[in-house]
Amino acid sequence: MAGSFFKGRFFTLFDYKTEKYIVAKNKKVGVLYRLIQLSIIGYIIGWVFVSKKGYQETDEAIQSSVITKLKGVSVTNTSESGVLVWGPEDYVIPPQGEAVLFVVTNFLETPNQKLGYCAESPKVLDGQCRDDEDCEEGKMVVAGHGVKSGRCLRKDENSTGSCEIYGWCPIERKFKPQGPLLTNAENFTIYIKNFIQFPKFSFSKSNVLETSDDSYLKKCRYDEVLHPYCPIFRLGDITRRAGHKFQEMDTFGGSIGIMIEWDCDLDKGFSHCHPRYHFTRLDIGVSNKTIAAGFNFRHTRYFKDAAGESYRSLFKVYGIRFSIMVHGKAGKFSIIPTAINVASGLALMGAGAFFCDMVLLYLMKKGDAYRERKFEGYRNKQKSRSEDGSVEDKKEQENLT
C-alpha cells in the first residue's frame, strides 16, 4: 500500500494543469471585477505613469558645486572701536564663498587684551574661592579663561572671591547685546552660483540665466515668476521667505537653510530643467520656544603696539548662518522601467481575477456548484461521461446562471 501511495504521488509530478474559463452569469461579481480592473488601470496610468513618471529611468546622484558672494556695507560706531565701515571681507566668515557661510549682524568687543594676571569671572564656578587653597597654582580653570596662580582675590574675609588667573586680561565682558550694530545687514545681497550635473545622462546646467547681457546680474533680484534664473537674493527677503522677520534674528543671530531643488524631465528638453528654492529657519523648533535659538561664536584680532608688545581684541559675533543644500533628480524615457511597470499592472489584473474567484468560491451561496465546474480532473483512460452526467452538468450550469 505504501509503495503504491508514493508511486501515485510521484507520477502526479508529471501531471499538467491548464486553466479552465467558466462564464459565471453573476452581475454582482461582474461589476466588482470591472471596478477592480478600472481601479488598477487608473492607478497604472494616473499614478505610476503620469504622476510618478514610471516610464523614465532616473538619476538622483546629483553632483553639485556652490559658490557664494556677498555685497553691501554697513557702518558701526562703538566706544571700543569708534567708527568702522564693514564690508564683505569683514562680516563674511569664511570669506572665500562656500556653501556654508556666516554673516555678522552684531558683536560684542573686549578690546586691548594682553597676557597677564587678573581675576577670573565670578560667574565661572570653578574660579570661585574662599581662600588661597581653593586656587591650586598651575591648575586650569574649568570653563574659564586661564591658569590659576594660587591666589584668591576677595573684597573682604566674609565674601566669596575669584581666583587670580594668568591669561588674556581683562577677561571678556559678560552682557547681552541690546540691539544689532550692523543695521544695514538686511539689505546685503548674496549671489548663489550653483552648477549641477547628472552623470548618468551626461547632463549639466547652472542656475544662472544664459544671456549675453552683462548688466543682467547687476540689476536683477530673484523672483519665482519674473526672474527664476536670477540667483541674487536680499538677506531680508530670504528670512521673509523662511517665515520670519529679519529683525527677529539680527540681534542674537540664527540659522537659515536654503534648499535648491532640481527636478529635471529630460524628455521635454534642456529648457524644462529649473531650480526651485526653499527657505527654512533651522535653529528653532515647531513651538518657536527654545533656549538654543540664535547663533554666535568668538574670534580675535591680534596686533602689536609701537614697543612690540602683543595685544588682541576679542569679538563675540552674532549673525546668520546660511547652509545651502542641493538636491535633485533627472528622468529620461527608458524601455526597461516601462516594461516592468506594465508587467506589474498585468500582474495586478491577475490578482483582481483571483479575488473575484475567491468571492465566487467561498462567499456566494452557490459556491459549491461553481467549484465543481471550475476544478475538474481528466485522465486519458477515463470513459466518456454518460448522457445522464451531461444532463446533470446542464442543470449545474443552470444553477450557476
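Up top you'll find the structure we're talking about.
Residues numbered from 1 in each chain as written. Predicted model: local features only at pLDDT ≥ 70, side-chain atom pairs only at ≥ 80, totals over all residues. Heavy atoms only, no water.

A.B. asks: Quick question: what am I supposed to make of empty space enclosed by the protein here?
C.D. replies: With a probe scaled to a water molecule rolled over the atoms, the places where space remains empty come into view. A full pass over the atoms with the stated rule returns two cavities of 30 Å³ or more. By volume, the largest cavity amounts to about 50 Å³. Secondary-structure elements contributing two or more residues to the lining of the largest cavity are strand 6 (100-119) and strand 16 (310-333). Of the residues assigned to the lining of the largest cavity, the class counts are four nonpolar, one polar and four charged. Put simply, the second largest cavity is a space of about 30 Å³. Lining the second largest cavity are Arg-221, Tyr-222, Ile-232, Phe-233, Arg-234, Asp-237 and Arg-241. Of all elements in the fold, only strand 12 (232-234) and helix 5 (235-241) reach the threshold of two or more residues within the lining of the second largest cavity. The element contributing the most residues to the lining of the second largest cavity is strand 12, with three residues. Taken together, the residues of the lining of the second largest cavity sort by class into three nonpolar, no polar and four charged. (1 Å grid on protein atoms, 1.4 Å probe; cavity = no way out; pocket = protein on both sides within 12 Å on 5 of 7 lines; lining within 4 Å. Points joined across faces, edges and corners; volume = space filled by probe spheres on them. Helix = DSSP H or I, 4+ residues; strand = E, 2+ residues; numbered from the N terminus. Nonpolar A, V, L, I, M, F, W, Y, C, P; charged D, E, K, R; others polar.)

A.B. asks: Mind showing me how you'd approach helix 2 (residues 27-51) here?
C.D. replies: Think of an α-helix as 3.6 residues a turn; residues three or four steps apart then line up on the same face. Here helix 2 spans 33 Å end to end across 25 residues, near enough to the 36 Å set by a 1.5 Å rise per residue. Where helix 2 is buried, its residues meet helix 6 (335-363). Count one or two residues on from helix 2 and you reach Lys-53, which has phi positive near 50 degrees. (Expected span 1.5 Å × (residues − 1). Contact = heavy atoms within 4.5 Å.)

A.B. asks: So what exactly am I meant to see when it comes to the packing of aromatic side chains here?
C.D. replies: Geometry of an aromatic ring pair is reported as the spacing of the ring centres plus the angle between the planes. Summed over all chains, the structure comprises 15 aromatic pairs. Seen in terms of ring centroids, Phe-102 and Phe-295 are 5.4 Å apart; in terms of plane orientation they differ by 45 degrees. Their pairing is tilted. Within this pair, whereas Phe-102 is found in strand 6, its partner Phe-295 is found in the loop between strand 14 (275-281) and strand 15 (296-304), the two being separated by 193 residues in sequence. The buried category is assigned to Phe-102, whose relative accessible area is 4%. Measuring from ring centre to ring centre gives 5.9 Å for Phe-303 and Tyr-311, while their planes differ by 10 degrees; the resulting arrangement is stacked. Its relative accessible area of 35% is what places Phe-303 among the partly exposed residues. Tyr-311 sits in the buried class, given a relative accessible area of 17%. Members of the aromatic cluster, connected to one another through ring pairs, are Tyr-222, Phe-233, Tyr-277 and Phe-279. Against the face of Phe-270 rests Lys-205, its NZ or CZ located 4.5 Å from the ring centre. Over the ring of Trp-86 we find Arg-301; its NZ or CZ atom is 5.7 Å from the centre of that ring. (Phe/Tyr/Trp six-rings, centres within 6.5 Å; stacked < 30°, edge-to-face > 60°. Buried < 20%, exposed > 50% of the residue type's maximum accessible area, 1.4 Å probe, protein only. Lys NZ or Arg CZ within 6 Å of the ring centre and 35° of its normal.)

A.B. asks: When you look at the layout of surface pockets in this model, what are you seeing that I'm missing?
C.D. replies: Quantified by volume, the second largest pocket comes out at close to 230 Å³. Residue lining of the second largest pocket: Lys-69, Leu-70, Lys-71, Thr-189, Tyr-191, Asp-214, Leu-217, Lys-218, Arg-221 and Ile-232, and that is the complete set. When residues of the lining of the second largest pocket are traced back to their parent elements, those giving at least two are strand 2 (63-71), strand 10 (189-198) and helix 4 (216-219). If one sorts the elements of the lining of the second largest pocket by residue count, strand 2 sits on top with three residues. Within the lining of the second largest pocket, the residues separate by chemical class into four nonpolar, one polar and five charged.

A.B. asks: Help me understand the nonpolar core in this model?
C.D. replies: Nonpolar side chains in soluble globular proteins tend to end up buried together. Ranked by size, the top nonpolar core spans 43 residues in total, and within it Tyr-91, Leu-235, Ile-238 and Phe-322 carry the most contacts. Of all the elements in the fold, those that place two or more residues in this core are strand 2, strand 6, strand 10, helix 5, strand 13 (254-265), strand 14 and strand 16. In terms of residue count, the dominant contributor to this core is strand 16 (seven residues). Those residues in contact with Phe-322 that sit more than four places away from it in its chain are Ala-99, Val-100, Leu-101, Val-103, Leu-235, Ile-238, Ile-256 and Ile-258. In terms of nonpolar packing, the next biggest core, distinct from the first, is built from eleven residues, Val-48, Cys-356, Val-359 and Leu-360 among them. (Core = buried A, V, L, I, M, F, W, Y, C linked by side-chain atoms within 4.5 Å.)

A.B. asks: Honestly, the packing of helix 2 against helix 6 in this entry has me stumped. Any pointers?
C.D. replies: Two quantities define a packed helix pair, namely the angle between the axes and the distance from one axis to the other. Closest axis-to-axis distance for the helix 2/helix 6 pair is 10 Å, and the angle between their directions is 160 degrees. Relative to helix 6, the element helix 2 lies roughly antiparallel. The crossing of helix 2 and helix 6 is right-handed. Every residue of helix 6 that contacts helix 2 at Val-29, Leu-32, Tyr-33, Ile-36, Gln-37, Ile-40, Ile-41, Tyr-43, Ile-44, Val-48 and Phe-49 is listed here: Thr-338, Asn-341, Val-342, Gly-345, Leu-348, Met-349, Gly-352, Ala-353, Phe-355, Cys-356, Val-359 and Leu-360. Tallied by class, the residues present in the contact of helix 2 with helix 6 amount to 18 nonpolar, five polar and no charged. (Axes fitted to C-alpha atoms, helices over the stretch in contact; angles between N-to-C directions. Parallel < 35°, antiparallel > 145°, perpendicular 65-115°, else oblique. Left-handed = near helix turned anticlockwise from the far one by under 90°.)

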